[in-house]
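# Descriptive structure summary
Here is how the chains run, residue by residue.
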Amino acid sequence: KLFRFVPFVEFVLASGSLATGKVHEGSDFDVMVGVRPGRIFTARFFAFITFDLIWSRRRAVDHSKVAPDKMCLNHFVTPVAYKLKPPHDGTWEELYRSLVPIMGDEDKIIDFFKANDWLKPPRVYTRSDRYLGPGSSLTKSTLEFLLGGFIGDLLERLKWLQIRKIEKGLGRSMGKKGRVVYTDDELQFHPDRSKWVS
């Protein structure tokens, strides 16, 4: 529910063990976050702040150990990057087929599943009983209004600070199996996909 306060978030999907039902005592909470174009680094920044306030964000240093009940903010996408780039192996297929819409714009969620037409048969959106609604708040709307123009453009340009930190941490946390993307349309940090299906 804290995502209701994060500006430019358009939807949130539960992923990993939270979605597949393979939750265990050491599980964290993986999510995929759909965001407005041109604001992906801003949305990530505010998501980090929001979950850090209650000490519930899994940090890069946590990937070498169990971090139960932490929110793993490892995948943000804009509409341009809704479709997962290949290769699409069995692990990715299980992940995308089991994604659970938690909140946000249902039309955007439908577009997301339509974009991932590599799934055979295609994934058709149906509302889950875990869906919390559109996910807006006065705080979110106000921040989007204030940061929707020139000031927001300036804040987004500070992405170099995040990129510098990302690149500094790559060697420590990603390893050889990592799948890493950090562009204006997608932020993806998956150190070890095997944990999703184990």
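Look above for the structure.
So, a few notes on the structure that sits alongside this text. Not measured: the values here are computed from a predicted model. (Residues numbered from 1 in each chain as written. Predicted model: local features only at pLDDT ≥ 70, side-chain atom pairs only at ≥ 80, totals over all residues. Heavy atoms only, no water.)

The sheet built from 6 strands is open, its strands ordered β4-β1-β2-β3-β6-β5 with mixed pairing. Taken across any chain shown, the strands that pair with only one partner, and hence form the sheet edges, are β4 (100-104) and β5 (179-182). Along the sheet, successive strands turn relative to each other by an average axial angle of 30°, direction set aside. Set on the sheet, helix α4 (residues 106-115) makes contact with β1 (9-15), β2 (29-35), β3 (71-77) and β4; between it and β1 the angle comes to about 55°. (Pairing = 2+ DSSP bridges. Helix = DSSP H or I, 4+ residues; strand = E, 2+ residues; numbered from the N terminus. Axes fitted to C-alpha atoms, helices over the stretch in contact; angles between N-to-C directions. Contact = heavy atoms within 4.5 Å.)

Our focus in this paragraph is a nonpolar patch on the surface. Judged by side-chain polarity, F45, I49, L53 and I54 come together as a nonpolar surface patch covering roughly 390 Å² of accessible area. As for its position among the elements, I54 is in the loop between α2 (40-52) and β3. (Patch = residues over 30% accessible without salt bridge, like charges linked within 9 Å, V, L, I, M, F, W, Y side chains within 5 Å. Areas by Shrake-Rupley, 256 points an atom, 1.4 Å probe, with all protein chains shown as cover. Salt bridge = Lys/Arg side-chain N within 4 Å of Asp/Glu carboxyl O.)

Here we come to the pairing of β4. Most of β4 is tucked away, with 5 of its 5 residues classed as buried. Relative to β4, β1 runs antiparallel, the two sharing 4 bridges. Within β4, the position partnered with F11 by the bridge is G104. (Buried < 20%, exposed > 50% of the residue type's maximum accessible area, 1.4 Å probe, protein only.)

On to unusual backbone geometry, then. P86 connects to P87 through a cis peptide bond whose omega is 10°. Take P87: it is sitting in the loop between β3 and α3 (90-98). Of note, F8 is a non-glycine position whose phi angle comes to about 70°, a positive value. Its location among the elements puts F8 in the segment before β1.

Any functional reading would require information that these geometric values do not contain.
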